[in-house]
Amino acid sequence: MGGRKQRPVLIVLTAVFILIISVGLASATIVGSKHDMSFLNSGANFSSTNEDEVCIFCHTPHGGISQDSSGNRVPLWNRSISQNETGFTPYSSPTLNATLGQPTGITLLCLSCHDGVSTLNTLINYGRFNPIVMDGGFDQIGDVWIGPGNPPGYPGANVGEGAAKNLANDHPVSFVFDAALISADAGGGPAKLQLPISSDPIKLFNNRLECATCHDPHEEGALAAGTFPFLRKSNQASGMCLTCHIK
Ligand code: HEC
Ligand code: HEC
Ligand code: HEC
Ligand code: HEC
(Lines give C-alpha, C1' and ligand atoms only; values in the text may rest on other atoms or scores of the structure.)
(Ligands and ions follow the chains in the order given, each with its own letter.)
Protein backbone atom coordinates (compact mmCIF):
# COMPACT_ATOMS: atom_id res chain seq x y z
CA MET A 1 0.00 0.00 0.00
CA GLY A 2 3.08 2.24 0.16
CA GLY A 3 2.69 2.83 -3.62
CA ARG A 4 -0.63 4.57 -3.06
CA LYS A 5 0.87 7.16 -0.73
CA GLN A 6 3.72 7.92 -3.13
CA ARG A 7 1.52 8.54 -6.18
CA PRO A 8 0.58 12.22 -5.42
CA VAL A 9 4.28 12.95 -4.83
CA LEU A 10 5.09 11.41 -8.20
CA ILE A 11 2.38 13.47 -9.91
CA VAL A 12 3.71 16.69 -8.37
CA LEU A 13 7.28 15.79 -9.33
CA THR A 14 6.19 14.99 -12.90
CA ALA A 15 4.32 18.29 -13.13
CA VAL A 16 7.34 20.23 -11.88
CA PHE A 17 9.55 18.36 -14.35
CA ILE A 18 7.24 19.17 -17.31
CA LEU A 19 7.10 22.81 -16.20
CA ILE A 20 10.92 23.03 -16.10
CA ILE A 21 11.19 21.46 -19.56
CA SER A 22 8.59 23.75 -21.14
CA VAL A 23 10.13 26.88 -19.60
CA GLY A 24 13.48 25.74 -21.00
CA LEU A 25 12.02 25.23 -24.48
CA ALA A 26 10.11 28.51 -24.44
CA SER A 27 13.37 30.44 -24.06
CA ALA A 28 14.94 28.97 -27.21
CA THR A 29 12.76 27.98 -30.14
CA ILE A 30 12.20 28.88 -33.76
CA VAL A 31 8.46 28.13 -33.43
CA GLY A 32 6.45 31.36 -33.65
CA SER A 33 9.46 33.39 -34.83
CA LYS A 34 9.81 35.15 -38.20
CA HIS A 35 11.66 32.03 -39.36
CA ASP A 36 8.57 29.90 -38.67
CA MET A 37 6.85 29.99 -42.05
CA SER A 38 4.28 27.29 -41.25
CA PHE A 39 0.60 28.24 -41.44
CA LEU A 40 0.37 27.67 -37.69
CA ASN A 41 2.38 30.87 -37.17
CA SER A 42 -0.26 33.56 -37.59
CA GLY A 43 2.16 36.33 -36.59
CA ALA A 44 4.58 35.88 -39.51
CA ASN A 45 4.74 38.39 -42.36
CA PHE A 46 5.58 35.56 -44.73
CA SER A 47 3.93 32.20 -44.13
CA SER A 48 2.29 29.30 -45.89
CA THR A 49 -1.41 28.52 -46.14
CA ASN A 50 -0.98 24.73 -46.34
CA GLU A 51 2.40 23.71 -44.85
CA ASP A 52 2.45 22.93 -41.11
CA GLU A 53 6.13 21.94 -40.87
CA VAL A 54 8.67 24.49 -39.64
CA CYS A 55 12.09 23.04 -40.50
CA ILE A 56 11.19 22.04 -44.07
CA PHE A 57 11.71 25.57 -45.44
CA CYS A 58 15.43 25.13 -44.65
CA HIS A 59 16.25 21.48 -43.85
CA THR A 60 15.31 18.05 -45.16
CA PRO A 61 16.12 14.71 -43.50
CA HIS A 62 17.01 13.05 -46.82
CA GLY A 63 18.61 14.11 -50.07
CA GLY A 64 19.42 17.68 -49.11
CA ILE A 65 22.42 19.83 -50.11
CA SER A 66 25.47 18.88 -48.02
CA GLN A 67 28.15 21.25 -49.40
CA ASP A 68 28.79 24.19 -51.69
CA SER A 69 30.92 23.82 -54.83
CA SER A 70 34.11 24.69 -52.86
CA GLY A 71 33.41 21.78 -50.47
CA ASN A 72 32.26 23.81 -47.44
CA ARG A 73 29.84 21.53 -45.59
CA VAL A 74 26.30 22.68 -44.73
CA PRO A 75 23.60 21.02 -42.57
CA LEU A 76 21.00 19.01 -44.63
CA TRP A 77 19.94 22.03 -46.65
CA ASN A 78 16.58 21.92 -48.48
CA ARG A 79 17.22 24.85 -50.83
CA SER A 80 19.42 25.46 -53.83
CA ILE A 81 22.55 27.51 -52.98
CA SER A 82 24.66 27.39 -56.17
CA GLN A 83 22.83 30.35 -57.77
CA ASN A 84 24.43 32.65 -55.17
CA GLU A 85 28.04 31.53 -55.63
CA THR A 86 28.42 34.29 -58.26
CA GLY A 87 27.04 37.75 -58.91
CA PHE A 88 27.40 39.42 -55.48
CA THR A 89 29.11 42.75 -54.87
CA PRO A 90 31.22 42.13 -51.74
CA TYR A 91 32.11 44.72 -49.07
CA SER A 92 35.35 46.66 -49.59
CA SER A 93 37.19 49.55 -47.89
CA PRO A 94 40.73 51.04 -47.79
CA THR A 95 41.31 49.65 -44.27
CA LEU A 96 39.95 46.15 -44.79
CA ASN A 97 42.57 43.41 -44.43
CA ALA A 98 40.44 40.32 -45.00
CA THR A 99 40.27 38.93 -48.53
CA LEU A 100 36.64 38.87 -49.59
CA GLY A 101 35.29 37.01 -52.58
CA GLN A 102 31.88 35.63 -53.43
CA PRO A 103 29.87 34.29 -50.47
CA THR A 104 30.37 30.61 -49.57
CA GLY A 105 29.28 27.92 -47.09
CA ILE A 106 26.97 28.85 -44.22
CA THR A 107 26.43 32.37 -45.61
CA LEU A 108 24.94 30.88 -48.78
CA LEU A 109 22.23 29.31 -46.60
CA CYS A 110 20.96 32.68 -45.41
CA LEU A 111 21.27 34.12 -48.91
CA SER A 112 19.09 31.32 -50.27
CA CYS A 113 16.29 33.56 -48.94
CA HIS A 114 17.91 36.89 -48.04
CA ASP A 115 19.20 37.79 -51.50
CA GLY A 116 16.14 39.74 -52.63
CA VAL A 117 15.64 37.32 -55.51
CA SER A 118 14.86 33.82 -54.22
CA THR A 119 11.33 32.60 -53.54
CA LEU A 120 10.54 31.07 -50.16
CA ASN A 121 8.59 28.04 -51.36
CA THR A 122 11.09 26.65 -53.90
CA LEU A 123 12.52 23.59 -52.13
CA ILE A 124 14.44 20.43 -52.99
CA ASN A 125 12.27 18.00 -51.00
CA TYR A 126 8.64 19.03 -50.56
CA GLY A 127 7.50 16.39 -48.09
CA ARG A 128 3.70 16.20 -48.03
CA PHE A 129 2.70 19.44 -49.78
CA ASN A 130 3.75 20.40 -53.29
CA PRO A 131 3.23 23.17 -54.10
CA ILE A 132 3.66 24.90 -50.78
CA VAL A 133 1.37 27.91 -51.05
CA MET A 134 2.48 31.21 -49.53
CA ASP A 135 0.03 33.87 -48.41
CA GLY A 136 2.40 36.81 -48.83
CA GLY A 137 1.74 39.72 -46.56
CA PHE A 138 2.93 43.07 -45.36
CA ASP A 139 6.55 43.69 -44.47
CA GLN A 140 7.29 45.58 -41.25
CA ILE A 141 9.93 47.83 -42.78
CA GLY A 142 7.27 49.25 -45.10
CA ASP A 143 7.82 47.42 -48.36
CA VAL A 144 4.49 46.04 -49.47
CA TRP A 145 3.71 42.77 -51.09
CA ILE A 146 0.06 41.71 -50.97
CA GLY A 147 -1.58 38.93 -52.85
CA PRO A 148 -1.87 35.19 -53.24
CA GLY A 149 0.94 32.93 -54.47
CA ASN A 150 4.62 33.37 -53.88
CA PRO A 151 6.20 36.74 -53.01
CA PRO A 152 8.74 37.71 -55.72
CA GLY A 153 11.30 38.82 -53.08
CA TYR A 154 11.04 40.07 -49.53
CA PRO A 155 12.64 43.49 -49.26
CA GLY A 156 12.68 43.55 -45.45
CA ALA A 157 14.56 40.31 -45.40
CA ASN A 158 16.93 41.36 -48.19
CA VAL A 159 20.35 42.45 -46.97
CA GLY A 160 20.81 44.03 -50.40
CA GLU A 161 18.66 47.01 -49.34
CA GLY A 162 17.08 47.89 -52.63
CA ALA A 163 19.54 46.17 -54.95
CA ALA A 164 19.44 42.40 -55.13
CA LYS A 165 22.69 40.48 -54.50
CA ASN A 166 24.48 43.42 -52.89
CA LEU A 167 26.74 42.85 -49.86
CA ALA A 168 28.76 46.06 -50.34
CA ASN A 169 26.98 47.86 -47.49
CA ASP A 170 26.94 44.93 -45.08
CA HIS A 171 29.43 43.69 -42.46
CA PRO A 172 32.04 41.54 -44.26
CA VAL A 173 31.18 37.80 -44.33
CA SER A 174 32.56 34.53 -45.72
CA PHE A 175 36.26 34.92 -44.87
CA VAL A 176 38.82 33.29 -42.56
CA PHE A 177 39.15 35.15 -39.23
CA ASP A 178 42.32 33.88 -37.56
CA ALA A 179 45.57 34.97 -35.88
CA ALA A 180 47.12 35.90 -39.25
CA LEU A 181 44.27 38.35 -40.00
CA ILE A 182 44.58 39.83 -36.49
CA SER A 183 48.28 40.56 -36.98
CA ALA A 184 47.78 41.89 -40.53
CA ASP A 185 45.09 44.22 -39.15
CA ALA A 186 47.36 45.34 -36.25
CA GLY A 187 50.10 46.34 -38.73
CA GLY A 188 52.86 45.92 -36.11
CA GLY A 189 50.90 47.80 -33.42
CA PRO A 190 48.59 46.47 -30.71
CA ALA A 191 45.81 44.10 -31.86
CA LYS A 192 42.51 45.76 -32.80
CA LEU A 193 40.72 42.44 -33.23
CA GLN A 194 40.34 39.34 -31.04
CA LEU A 195 38.82 35.91 -31.65
CA PRO A 196 35.68 35.07 -29.65
CA ILE A 197 36.53 32.70 -26.76
CA SER A 198 35.13 29.18 -27.19
CA SER A 199 32.38 29.63 -24.57
CA ASP A 200 31.12 32.82 -26.27
CA PRO A 201 27.84 32.42 -28.19
CA ILE A 202 29.47 34.24 -31.15
CA LYS A 203 30.58 31.37 -33.33
CA LEU A 204 33.00 30.85 -36.23
CA PHE A 205 32.41 28.05 -38.75
CA ASN A 206 35.73 26.35 -39.66
CA ASN A 207 37.47 29.61 -38.64
CA ARG A 208 35.23 31.52 -41.02
CA LEU A 209 33.10 34.54 -40.21
CA GLU A 210 29.63 33.95 -41.70
CA CYS A 211 26.13 35.44 -41.26
CA ALA A 212 25.48 32.81 -38.59
CA THR A 213 28.55 34.00 -36.63
CA CYS A 214 26.39 36.84 -35.30
CA HIS A 215 22.92 35.40 -36.00
CA ASP A 216 21.24 32.23 -34.74
CA PRO A 217 18.51 31.44 -37.28
CA HIS A 218 16.64 29.34 -34.68
CA GLU A 219 16.37 31.95 -31.92
CA GLU A 220 14.69 35.26 -32.62
CA GLY A 221 16.01 36.99 -29.52
CA ALA A 222 15.65 36.66 -25.78
CA LEU A 223 15.08 40.39 -25.46
CA ALA A 224 12.21 42.31 -27.05
CA ALA A 225 11.39 40.84 -30.46
CA GLY A 226 12.79 42.94 -33.26
CA THR A 227 15.35 44.64 -31.01
CA PHE A 228 18.00 41.94 -31.39
CA PRO A 229 16.87 40.11 -34.53
CA PHE A 230 18.09 36.48 -34.36
CA LEU A 231 21.38 37.60 -32.74
CA ARG A 232 23.50 35.03 -30.89
CA LYS A 233 23.95 37.48 -28.02
CA SER A 234 22.64 40.84 -26.91
CA ASN A 235 24.12 43.85 -28.65
CA GLN A 236 23.23 46.10 -25.75
CA ALA A 237 25.98 48.73 -25.39
CA SER A 238 27.41 47.13 -28.59
CA GLY A 239 28.55 44.16 -26.51
CA MET A 240 28.35 41.88 -29.54
CA CYS A 241 30.65 44.10 -31.66
CA LEU A 242 33.12 44.35 -28.75
CA THR A 243 33.41 40.55 -28.71
CA CYS A 244 35.80 40.86 -31.67
CA HIS A 245 36.66 44.56 -32.06
CA ILE A 246 39.00 46.07 -29.45
CA LYS A 247 37.78 49.67 -29.53
C1 HEC B 1 15.07 29.80 -41.77
C2 HEC B 1 15.93 28.67 -41.96
C3 HEC B 1 16.00 27.61 -40.91
C4 HEC B 1 14.95 26.94 -40.34
C5 HEC B 1 13.48 27.12 -40.59
C6 HEC B 1 15.55 25.94 -39.49
N7 HEC B 1 16.91 26.02 -39.54
FE8 HEC B 1 18.25 24.77 -38.69
N9 HEC B 1 19.80 25.80 -39.49
C10 HEC B 1 19.66 26.88 -40.33
C11 HEC B 1 20.98 27.38 -40.68
C12 HEC B 1 21.26 28.56 -41.58
C13 HEC B 1 21.91 26.55 -40.04
C14 HEC B 1 23.44 26.68 -40.10
C15 HEC B 1 23.91 27.74 -39.12
C16 HEC B 1 23.92 27.28 -37.71
O17 HEC B 1 24.45 26.20 -37.41
O18 HEC B 1 23.38 28.02 -36.86
C19 HEC B 1 21.15 25.55 -39.30
C20 HEC B 1 21.70 24.54 -38.55
C21 HEC B 1 20.96 23.55 -37.93
C22 HEC B 1 21.52 22.43 -37.22
C23 HEC B 1 23.01 22.15 -37.05
C24 HEC B 1 23.66 23.11 -36.07
C25 HEC B 1 23.08 23.02 -34.69
O26 HEC B 1 22.53 24.05 -34.25
O27 HEC B 1 23.08 21.96 -34.07
C28 HEC B 1 20.49 21.68 -36.75
C29 HEC B 1 20.57 20.41 -35.94
C30 HEC B 1 19.26 22.33 -37.16
N31 HEC B 1 19.58 23.47 -37.88
C32 HEC B 1 17.98 21.89 -36.88
C33 HEC B 1 16.81 22.55 -37.19
C34 HEC B 1 15.47 22.07 -36.84
C35 HEC B 1 15.18 20.80 -36.07
C36 HEC B 1 14.58 22.97 -37.35
C37 HEC B 1 13.08 23.00 -37.21
C38 HEC B 1 12.55 22.93 -35.84
C39 HEC B 1 15.36 24.00 -38.02
N40 HEC B 1 16.69 23.71 -37.88
C41 HEC B 1 14.81 25.05 -38.73
C42 HEC B 1 18.50 27.44 -40.74
C43 HEC B 1 17.22 27.03 -40.40
C1 HEC C 1 13.69 29.94 -45.80
C2 HEC C 1 14.04 31.33 -45.98
C3 HEC C 1 14.98 31.97 -45.00
C4 HEC C 1 16.25 31.58 -44.66
C5 HEC C 1 17.03 30.40 -45.19
C6 HEC C 1 16.74 32.55 -43.71
N7 HEC C 1 15.79 33.49 -43.49
FE8 HEC C 1 15.93 35.06 -42.25
N9 HEC C 1 13.99 35.57 -42.63
C10 HEC C 1 13.18 34.97 -43.56
C11 HEC C 1 11.88 35.61 -43.55
C12 HEC C 1 10.69 35.24 -44.44
C13 HEC C 1 11.93 36.62 -42.57
C14 HEC C 1 10.82 37.58 -42.16
C15 HEC C 1 10.93 38.85 -42.98
C16 HEC C 1 9.91 39.86 -42.57
O17 HEC C 1 8.93 39.53 -41.90
O18 HEC C 1 10.10 41.02 -42.93
C19 HEC C 1 13.29 36.57 -42.02
C20 HEC C 1 13.75 37.43 -41.04
C21 HEC C 1 15.07 37.49 -40.63
C22 HEC C 1 15.59 38.47 -39.71
C23 HEC C 1 14.79 39.51 -38.98
C24 HEC C 1 14.49 40.67 -39.87
C25 HEC C 1 13.61 41.67 -39.20
O26 HEC C 1 13.01 42.42 -39.96
O27 HEC C 1 13.50 41.70 -37.96
C28 HEC C 1 16.94 38.22 -39.59
C29 HEC C 1 17.93 38.98 -38.74
C30 HEC C 1 17.24 37.09 -40.41
N31 HEC C 1 16.09 36.66 -41.02
C32 HEC C 1 18.51 36.57 -40.56
C33 HEC C 1 18.78 35.36 -41.20
C34 HEC C 1 20.08 34.73 -41.21
C35 HEC C 1 21.32 35.31 -40.61
C36 HEC C 1 19.93 33.56 -41.88
C37 HEC C 1 20.97 32.48 -42.06
C38 HEC C 1 21.67 32.06 -40.84
C39 HEC C 1 18.55 33.49 -42.35
N40 HEC C 1 17.89 34.60 -41.90
C41 HEC C 1 18.01 32.49 -43.14
C42 HEC C 1 13.51 33.90 -44.35
C43 HEC C 1 14.70 33.19 -44.27
C1 HEC D 1 29.11 41.05 -37.42
C2 HEC D 1 27.80 40.60 -37.05
C3 HEC D 1 26.80 40.36 -38.15
C4 HEC D 1 26.97 39.66 -39.31
C5 HEC D 1 28.20 38.93 -39.79
C6 HEC D 1 25.68 39.69 -39.99
N7 HEC D 1 24.78 40.40 -39.27
FE8 HEC D 1 22.82 40.73 -39.74
N9 HEC D 1 22.61 41.96 -38.14
C10 HEC D 1 23.59 42.17 -37.18
C11 HEC D 1 23.06 43.09 -36.20
C12 HEC D 1 23.79 43.59 -34.96
C13 HEC D 1 21.76 43.44 -36.60
C14 HEC D 1 20.79 44.42 -35.95
C15 HEC D 1 21.00 45.77 -36.57
C16 HEC D 1 20.43 46.88 -35.79
O17 HEC D 1 19.89 46.66 -34.71
O18 HEC D 1 20.53 48.00 -36.29
C19 HEC D 1 21.51 42.70 -37.84
C20 HEC D 1 20.33 42.77 -38.59
C21 HEC D 1 20.02 41.93 -39.66
C22 HEC D 1 18.74 41.90 -40.35
C23 HEC D 1 17.52 42.74 -40.00
C24 HEC D 1 17.26 43.85 -41.00
C25 HEC D 1 18.32 44.89 -41.03
O26 HEC D 1 18.86 45.12 -42.13
O27 HEC D 1 18.64 45.48 -39.97
C28 HEC D 1 18.85 40.94 -41.32
C29 HEC D 1 17.77 40.52 -42.30
C30 HEC D 1 20.19 40.40 -41.25
N31 HEC D 1 20.87 41.03 -40.23
C32 HEC D 1 20.67 39.40 -42.07
C33 HEC D 1 22.02 39.07 -42.17
C34 HEC D 1 22.58 38.23 -43.23
C35 HEC D 1 21.79 37.56 -44.32
C36 HEC D 1 23.93 38.18 -43.00
C37 HEC D 1 24.98 37.55 -43.89
C38 HEC D 1 25.00 38.01 -45.28
C39 HEC D 1 24.20 38.94 -41.79
N40 HEC D 1 23.03 39.46 -41.33
C41 HEC D 1 25.45 39.08 -41.21
C42 HEC D 1 24.84 41.61 -37.13
C43 HEC D 1 25.41 40.85 -38.14
C1 HEC E 1 32.99 37.57 -34.91
C2 HEC E 1 33.77 38.75 -34.75
C3 HEC E 1 33.15 40.08 -35.14
C4 HEC E 1 32.00 40.65 -34.68
C5 HEC E 1 31.03 40.09 -33.66
C6 HEC E 1 31.90 41.93 -35.33
N7 HEC E 1 32.95 42.10 -36.18
FE8 HEC E 1 33.27 43.69 -37.38
N9 HEC E 1 34.78 42.72 -38.26
C10 HEC E 1 35.35 41.54 -37.83
C11 HEC E 1 36.46 41.20 -38.69
C12 HEC E 1 37.36 39.99 -38.52
C13 HEC E 1 36.53 42.20 -39.68
C14 HEC E 1 37.53 42.29 -40.83
C15 HEC E 1 38.64 43.25 -40.38
C16 HEC E 1 39.68 43.44 -41.46
O17 HEC E 1 39.83 42.57 -42.31
O18 HEC E 1 40.34 44.50 -41.48
C19 HEC E 1 35.46 43.14 -39.38
C20 HEC E 1 35.18 44.29 -40.10
C21 HEC E 1 34.41 45.33 -39.66
C22 HEC E 1 34.34 46.64 -40.24
C23 HEC E 1 35.05 47.07 -41.53
C24 HEC E 1 36.46 47.46 -41.22
C25 HEC E 1 37.17 48.03 -42.40
O26 HEC E 1 38.41 48.20 -42.28
O27 HEC E 1 36.57 48.33 -43.43
C28 HEC E 1 33.54 47.39 -39.46
C29 HEC E 1 33.23 48.86 -39.60
C30 HEC E 1 33.04 46.51 -38.41
N31 HEC E 1 33.60 45.28 -38.56
C32 HEC E 1 32.15 46.88 -37.42
C33 HEC E 1 31.48 45.98 -36.60
C34 HEC E 1 30.33 46.32 -35.80
C35 HEC E 1 29.69 47.68 -35.70
C36 HEC E 1 29.96 45.18 -35.17
C37 HEC E 1 28.77 44.95 -34.29
C38 HEC E 1 27.47 45.22 -34.91
C39 HEC E 1 30.90 44.14 -35.56
N40 HEC E 1 31.80 44.69 -36.44
C41 HEC E 1 30.88 42.84 -35.10
C42 HEC E 1 34.92 40.79 -36.78
C43 HEC E 1 33.75 41.00 -36.08
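Residues numbered from 1 in each chain as written. Chains lettered and ligands numbered in written order. Predicted model: local features only at pLDDT ≥ 70, side-chain atom pairs only at ≥ 80, totals over all residues. Heavy atoms only, no water.

Scored by pLDDT, the chain has a mean of 81; 74% of the residues are at 70 or more. Confidence drops under a pLDDT of 50 for residues 16-27, and excluding neighbours within four residues, the segment shows one contact in the predicted structure. (pLDDT = per-residue confidence, 0-100. Contact = heavy atoms within 4.5 Å.)

A few words on the nonpolar core. The tendency in soluble globular proteins is for nonpolar side chains to be buried as a group. Residues Leu167, Val173, Phe175, Phe177, Leu181 and Leu209 are the most contacted members of the largest nonpolar core, which totals 13 residues. Core analysis: the next-biggest nonpolar cluster, separate from the first, contains nine residues, Met37, Phe57, Leu120 and Met134 among them. (Core = buried A, V, L, I, M, F, W, Y, C linked by side-chain atoms within 4.5 Å. Buried < 20%, exposed > 50% of the residue type's maximum accessible area, 1.4 Å probe, protein only.)

Next up on the list: the coordination of the iron atom of ligand 4. Within the protein, the atoms that donate to the iron atom of ligand 4 are His171 (NE2) and His245 (NE2), at distances of 2.0 Å. Because the angles between the six donor atoms bound to the iron atom of ligand 4 fall within 87 to 179°, the donor set is best described as octahedral. Here His171 is found in the loop between β4 (144-145) and β5 (175-176), whereas its partner His245 is found in the segment after α4 (211-214), with 74 residues between them in sequence. On the basis of relative accessibility, which here comes to 48%, the residue His171 falls in the partly exposed class. (Donors = N, O, S within 2.8 Å, 3.2 Å for Na, K, Ca; no water. Tetrahedral: all angles 85-135°; square planar, octahedral: opposite > 155°, others 65-115°. Helix = DSSP H or I, 4+ residues; strand = E, 2+ residues; numbered from the N terminus.)

Once that is clear, we can look at the pattern of salt bridges. A pair can form between side chains of opposite charge whenever their charged atoms are brought close. Considering all chains together, one arrives at five salt bridges under this definition. Of the charged contacts in the structure, one is a salt bridge between Asp52 and Arg128, with a shortest N-O distance of 2.9 Å. Here the residue Asp52 occupies a position in the loop between α1 (2-26) and β1 (65-67), and Arg128 occupies one in the loop between α2 (105-111) and β3 (137-138), the gap between them amounting to 76 residues. Residues Arg208 and Glu210 are paired through a salt bridge, measuring 3.4 Å at the closest nitrogen-oxygen approach. (Salt bridge = Lys/Arg side-chain N within 4 Å of Asp/Glu carboxyl O.)

Take the coordination of the iron atom of ligand 3 next. On the protein, His215 (NE2) is the one donor atom to the iron atom of ligand 3, at 2.0 Å. Along the chain, the position of His215 falls in the segment after α4.

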